[in-house]
Amino acid sequence: MSLVATDLECSRDRPRLQADAAAAGAATVRSNHRWKVLGIGVAANASFSATFSGIPATAVFLRSGYHLGNGELGLVLGLLGLGVALSELPWGLLTDRWGDRRVLLTGLGATAAWLLLMALLVVPLPAYSPGVVLVATVLLVTGLLGGSVNGSSGRAIMAWFREGERGFAMSIRQTAVPLGGGLGALVLPSLASTHGFAAVYGLLAAFSAVTALFAWRWLRQPPIGEDAMSASDGIVSAGPAPLRNPDVWRIAMAIGLLCVPQVAVLTFASVFLHDFGGMGTAVISASLAAVQVGAMVMRVWSGRFTDRHGNRRSFLRLFSRLSAAAFATLALLVFVVAAIPGWQPVLATTIVAVLIVAGICVSAWHGVAYTEIATLAGASNAGAALGLANSFVFVAFFLVPIAIPGLLAVGSWSVVWLSAAICALIAWPIFLRPA
């Protein structure tokens, strides 16, 4: 009888043991593969960041090569941001419906093909220079295609990582933005000056194509049964859908406002250092690269710090105030140099240093903000929430390059940087208070 009882107990325990073994296997797969998924997210965001941050870094050569005025330069750079702003939310909604793999592959492949077409057909030549309408249109389409990257890669990361590590993972993903921008700032201006814009667009196309290949090889959904784990981590939200959730809208709007000073640095810092500071290409490239490297370090630190302390909301409010203070200081220094020209040699190094510090402050918080908005929305709606946030971000990328030439026409560079400080300060009360 004891043998029969033992056999019966083993029979009853077998399904549970098999389930435990399957869960352990799934956990191992998740632990090993999630870093590949994170790597794909980093590569995808870096490839497009090299485009939307790297092309503005060539602003001086873009202006001369395509024979653009400051207003026209602001228009073409702004339309690159407008394209992303218009497409982010549709791409995010499509990600929630189709899945992150399909959307990311479609977007990266189409972006690579379009950049290659630009390298072949839309570059200035000795006997021909594309008009401002054509340049603006092709950059608008570039933004429309590149808007696929953020929501799809962010949704994949939120699915593969648990609460308590998502802030770190999303912040690592967001280091891709300064990483790609830094590489673009270091490489693309020199490439534009020596080999022309065919080489610039061709290199960017290759970057997107290689990233698409990695995504095709490694990006997939978490193992079967992982949805329950995600639910237990709190990622599946029981609240309203993102577009009907006022907290999601508040964070998205605050993100957009806090991006205004960041966009000002990314799009016109090279022109500011060249025209106001009299800096050469080497100093300009090194300064912009320093901003991007510093932003990368701060984003990784901020993700780990807020995961450990659970203080994402207070962190975002703090960095709104710090960014406002940094840009107000920059505006004051520029005003002093403009009022007392003899001080320019003395303050030139200080102005560059403050610009770098301000650029880092206003770029350190992105991973934390995206984690907070995706957590509020839940896993099934993360693509839409991230798309909404980036729509506001790239509205800033559209409006800021257009507004800066106007501010320069009626004021000065100190007015530009003071306006950036005001936008950062306005974002402070809009970010949610700690729960």
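Residues numbered from 1 in each chain as written. Predicted model: local features only at pLDDT ≥ 70, side-chain atom pairs only at ≥ 80, totals over all residues. Heavy atoms only, no water.

**Observations regarding the overall build of the protein chain**
In step 1: The secondary structure content of the protein chain amounts to 18 helices and zero strands.
In step 2: A buried classification covers 55% of the 435 residues belonging to the protein chain.
In step 3: A separation of at least 24 residues holds for 86% of the contacts in the protein chain among residues at least 6 apart in sequence.
In step 4: On the protein chain, roughly 17300 Å² of surface is accessible, and the fraction owed to carbon and sulfur atoms is 70%. (Helix = DSSP H or I, 4+ residues; strand = E, 2+ residues; numbered from the N terminus. Buried < 20%, exposed > 50% of the residue type's maximum accessible area, 1.4 Å probe, protein only. Contact = heavy atoms within 4.5 Å. Areas by Shrake-Rupley, 256 points an atom, 1.4 Å probe, with all protein chains shown as cover.)

**Describing the nonpolar core**
In step 1: Grouped together as the largest cluster of nonpolar side chains are 132 residues, with contacts concentrated most on Tyr201, Ile255, Trp413 and Trp417.
In step 2: Leave out the neighbours within four places in its chain, and Trp413 touches Phe268, Val271, Phe272, Phe276, Val334, Ile404 and Leu408. (Core = buried A, V, L, I, M, F, W, Y, C linked by side-chain atoms within 4.5 Å.)

**Some points on a nonpolar patch on the surface**
In step 1: Residues Leu93, Leu243, Trp249 and Met253 make up a contiguous nonpolar surface patch of about 330 Å² in total accessible area.
In step 2: Tracing the chain through its elements places Trp249 in helix α12 (residues 246-275). (Patch = residues over 30% accessible without salt bridge, like charges linked within 9 Å, V, L, I, M, F, W, Y side chains within 5 Å. Salt bridge = Lys/Arg side-chain N within 4 Å of Asp/Glu carboxyl O.)

**Points about helix α7 (residues 148-160)**
In step 1: Across its 13 residues, α7 extends 19 Å between first and last C-alpha, which sits within 8% of the 18 Å expected from 1.5 Å per residue.
In step 2: Of all the 13 residues making up α7, 13 are buried; the element is thus mostly covered by neighbouring parts of the structure. (Expected span 1.5 Å × (residues − 1).)

**Brief notes about the pattern of salt bridges**
In step 1: Applying the stated criterion to the full structure yields six salt bridges.
In step 2: Between Arg313 and Glu372 there is a salt bridge whose closest N-O contact spans 2.8 Å. One end of the pair, Arg313, is in helix α14 (residues 312-339); the other, Glu372, is in helix α16 (residues 366-377), and 59 residues separate them in sequence. When sorted by exposure, Arg313 lands in the same class as Glu372, which is buried.
In step 3: Within this structure, Asp96, Asp100 and Arg155 form a network of salt bridges that share partners.

**Notes on the packing of aromatic side chains**
In step 1: Taken as a whole, this structure holds 15 aromatic pairs when the rule is applied.
In step 2: Residues Phe52 and Phe394 carry aromatic rings whose centres are separated by 5.2 Å and whose planes lie at 85° to one another, so their mutual orientation is edge-to-face. A residue pair is termed long-range when its members are at least 10 positions apart, and Phe52 in helix α1 (residues 2-52) and Phe394 in helix α17 (residues 382-410) qualify at 342 residues.
In step 3: Measuring from ring centre to ring centre gives 5.9 Å for Phe197 and Tyr201, while their planes differ by 40°; the resulting arrangement is tilted. Pair noted here: Phe197 and Tyr201 are both in helix α10 (residues 197-218), with a separation of four residues, about one helical turn. We note that Phe197, like Tyr201, is buried. (Phe/Tyr/Trp six-rings, centres within 6.5 Å; stacked < 30°, edge-to-face > 60°.)

**Here we look at the side chain of Glu88**
In step 1: In this fold, Glu88 is placed in helix α4 (residues 70-98).
In step 2: Within the structure, Glu88 has its side chain in polar contact with the side chain of Asn390 (distance 2.9 Å).
In step 3: When near neighbours in sequence (up to four residues on either side) are disregarded, Glu88 contacts Gly147, Asn150, Gly151, Leu386, Gly387, Asn390, Ser391 and Phe394. (Polar contact = N/O pair within 3.5 Å; in protein donor to acceptor, adjacent residues only side chain to side chain.)

**Points about the environment of Leu316**
In step 1: By the secondary structure assignment, Leu316 is in helix α14.
In step 2: Residues contacting Leu316, with those up to four places away along its chain left out, are Trp365, Val368, Ala369 and Phe431.

**Regarding the confidence of the model for the protein chain**
In step 1: Here the protein chain shows a mean pLDDT of 83. Residues at 70 or above account for 87%.
In step 2: Across the protein chain, the secondary-structure element scoring lowest on mean pLDDT is helix α11 (residues 226-232), at 41, and the one scoring highest is helix α18 (residues 413-430), at 95.
In step 3: Predicted confidence for residues 226-238 stays below pLDDT 50, and this span has 24 contacts to residues more than four positions away or in other chains. (pLDDT = per-residue confidence, 0-100.)

**Description of the environment of Ala328**
In step 1: Looking at where Ala328 falls in the secondary structure, it is placed in helix α14.
In step 2: Counting along the chain gives 90 residues from Ala328 to Leu418, while the straight-line C-alpha distance between them is 5.4 Å.

**Regarding the side chain of Arg299**
In step 1: By the secondary structure assignment, Arg299 is in helix α13 (residues 281-309).
In step 2: For the buried residue Arg299, which engages in no salt bridge, the nearest side chain bearing the opposite charge is Glu88, 12 Å off.
In step 3: A polar side-chain atom of Arg299 sits 2.4 Å from the main-chain carbonyl oxygen of Ser363.
In step 4: Not counting chain neighbours up to four residues away, the residues in contact with Arg299 comprise Ser171, Gln174, Thr175, Val177, Pro178, Gln262, Ser363, Ala364 and His366. (Lys, Arg positive; Asp, Glu negative; His and termini not counted.)

**Comments concerning the packing of α4 against α7**
Helix-helix packing is characterised by the crossing angle of the two axes and by the distance between the axes.
In step 1: It is the contact of α4 with α7, at a shortest axis distance of 8 Å, that shows an interaxial angle of 35°. Crossing handedness for the pair α4 and α7: right-handed. Contact residues: Glu88, Trp91, Thr95 and Asp96 in α4; Ser148, Asn150, Gly151, Ser152 and Arg155 in α7.
In step 2: Residues that form the contact of α4 with α7 fall into these classes: one nonpolar, five polar and three charged. (Axes fitted to C-alpha atoms, helices over the stretch in contact; angles between N-to-C directions. Left-handed = near helix turned anticlockwise from the far one by under 90°. Nonpolar A, V, L, I, M, F, W, Y, C, P; charged D, E, K, R; others polar.)

**A few points about unusual backbone geometry**
In step 1: Of note, His67 is a non-glycine position whose phi angle comes to about 55°, a positive value.
In step 2: Following the sequence through the fold, His67 ends up in the loop between α3 (59-65) and α4.
In step 3: Here His67 falls in the exposed class, since its relative accessible area comes to 62%.

**Let's talk about helix α8 (residues 166-174)**
In step 1: Counted residue by residue, α8 has nine buried out of nine residues, so it is predominantly covered.
In step 2: For α8, the set of buried residues is Arg166, Gly167, Phe168, Ala169, Met170, Ser171, Ile172, Arg173 and Gln174.

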